[in-house]
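Now for the letters of each chain:
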Amino acid sequence: MWNALGQAATVAQLVGADVGGLITMIIQAAITAQQNKKECEQLARRVFTVGELLQHLDPEVLRRPEIRRPLAGLEDALREAHELVMVCQDKNAMYRLVLSRRQAEKFRDVQSRIDSYLLLFPVISHLDVTRRLDRIYNILLPNDTAAGTSTSSLSMPQIAVQGSQYDPNIDWKKLHEVQVFTFKELTMATNNFAQRIGQGGFGSVYMGWLPDGKEVAIKRMNNTNARRIEAEFKAELTILPSISHKHIVRLFGYCVPQEKHQLLPKLWKKNEKQGCLVYEFTENRSLDIHLHDRTSSSPVTASWKMRIEILLGVSRAIEYLQSYAERPVIHRDVKSSNILVDAGWAPRLTDFGLALTWEGPDHTDSIVGTFGYMAPEYAFSGTVNLTTDVYSFGVVMLEVLTGKRQSYLYEQVWEEMIEAGELWKVLDRRPAAEPTPRQLEAVELVAQAAVRCVSLDWEARPSISEVVATLETALELARCDG
């Protein structure tokens, strides 16, 4: 992870010369630990969270004395954590008898120290976000000053595309399956892009109506970071035209940046018209909004059955992506804000701008995605496998169960609650203040699957087909109570 990201060297210099390497070694040692395995994994999760948070911070924020001083001892804490997990490798029964209690105390101490650094990040993040907002407000972007309020909630930062590797092979033969629009036609369909209904790193999404009266959502790509936007545009056109699944958003058409479309230009210039993608319109917005808008009274908010139905639909979409074609498709950005809900309250997985076709066990790629949802082996080395999306989906399942954003989730807490039979303590109370026995059995099945999905060791995660089967069973239990 640290070698792959552009600002890693700067961050390492600011918070400790070997922070990145230590985090990597702690994760690897925790996975192979023979003793105190549970404690090692809990510690590794905390360390992984620290690593994810650090890589998204602006180095200029980290240079501030009020930030550098509290982080000064981070490297020492990580070194102690590494020594602790290394001691837990191949040890005999005598070790367990004599040192287990002493080691437990050491784990509690170092975990407490790591937690103290985690508590700093809300403050650091506030300074970082404030700085970034100042930059945005000082930059004038054409066509982005139109009136309109985004209906999408604040999302976690997305990692930018690294280098030029991210350029999926596009099969232009498949483009006849979707309609080609002119920019003028889409301007008319949106009434000159008057009603903005969403916002993301790619640009804005607008409400539109085609000549036959069909409601559509039109994603208008912005002109910043042309290489990244072009790659995402290509990926959507590569993947979506050949996909037909009731839980994956449908692509109706597109408009290339130039009026005369032949092949996409290598780079888009600022004076060119932006590329657009035309999708089916999903009336009930994103799962993220239903879960985290505390004023929402939708069926998603109020029903365990509907929440499990949505999870089952998304899991089936991921299963389809991994099995429908000769080579599996990895989405790489499964998250609650990329799960839309249609008029019938069925889910639609969307935003395939980072998707790719999996080349096999040795497949590595540029590190892209969203903070908090990326599998550790992918975040650290770019390794892509069939459980990359399973991990991300596991985080979504935890969000659905708790009603909390992924940034507040600690997987080790879930493990402890499930083992202690106290899952109800961390469940979202909005669907049912006191879940029925069948509801509680259903959500326990979902929780157990979620914890397996977010395992640090990718080989310990379930296949997506196993997850589908578990969610089917959970839904049958939830339906028993209506």
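As the structure is a prediction and not an experimental result, all values here were calculated from the model.

Definitions and cut-offs
Residues numbered from 1 in each chain as written. Predicted model: local features only at pLDDT ≥ 70, side-chain atom pairs only at ≥ 80, totals over all residues. Heavy atoms only, no water. Phe/Tyr/Trp six-rings, centres within 6.5 Å; stacked < 30°, edge-to-face > 60°. Helix = DSSP H or I, 4+ residues; strand = E, 2+ residues; numbered from the N terminus. Buried < 20%, exposed > 50% of the residue type's maximum accessible area, 1.4 Å probe, protein only. Expected span 1.5 Å × (residues − 1). Pairing = 2+ DSSP bridges. Polar contact = N/O pair within 3.5 Å; in protein donor to acceptor, adjacent residues only side chain to side chain. Contact = heavy atoms within 4.5 Å.

**Considerations on the packing of aromatic side chains**
For the structure shown, the criterion picks out 4 aromatic pairs. Taking the centre distance of 5.1 Å and the plane angle of 75° together, the rings of F193 and Y206 count as edge-to-face. Pair noted here: F193 is in the loop between α9 (183-189) and β3 (196-200) and Y206 is in strand β4 (residues 203-209), with a separation of 13 residues, a long-range link. Exposure class is identical for F193 and Y206. Each is buried.

**Here's the deal with helix α6 (residues 74-87)**
Its 14 residues place the ends of α6 20 Å apart at the C-alpha level, agreeing with the 20 Å of an ideal helix rising 1.5 Å per residue. For α6, the full list of buried residues reads L74, E75, A77, L78, A81, H82, L84 and V85.

**Notes on the sheet that holds strand β5 (residues 215-221)**
Strand-to-strand pairing in sheets goes through backbone hydrogen bonds, with the strands running parallel or antiparallel. Within the open sheet, the 6 strands sit side by side as β2-β6-β7-β5-β4-β3. Their pairing is mixed. Two strands in the sheet have a free side with no partner beyond their single neighbour: β2 (179-180) and β3. The pairing of β3 with β4 spans 4 bridges and is antiparallel. Of the residues in β4, the one forming a bridge with R196 is Y206.

**Focus: helix α17 (residues 437-453)**
If you check α17, its first and last C-alpha atoms are 24 Å apart, about what 17 residues at 1.5 Å a residue would give, namely 24 Å. Among the residues of α17, those classed as buried are Q439, A442, V443, V446, A447, A449, A450, V451 and C453.

**Comments concerning the side chain of T388**
With respect to the helices and strands, T388 occurs in helix α15 (residues 388-402). Relative accessible area serves as the criterion here: at 2%, T388 is assigned to the buried category. Polar contacts involving the side chain of T388 include one to the main-chain carbonyl oxygen of N385, which spans 3.0 Å. If near-sequence neighbours (up to four positions away) are discounted, T388 is found in contact with I330, A375, Y378 and T383.

**Digging into unusual backbone geometry**
Phi angles above zero are rare outside glycine, and N36 is one such case at about 50°. Examined against the element boundaries, N36 turns out to sit in the loop between α2 (19-31) and α3 (37-55). We note that D351 has phi near 60°; this positive angle belongs to a residue other than glycine.

**Quick word on the environment of A343**
Structurally, the position occupied by A343 is in the loop between β9 (339-341) and β10 (347-349). Taking the relative accessible area as the measure of exposure, A343 reaches 48% and is therefore partly exposed. Residues in contact with A343, not counting those within four places in the same chain, are E283 and N284.

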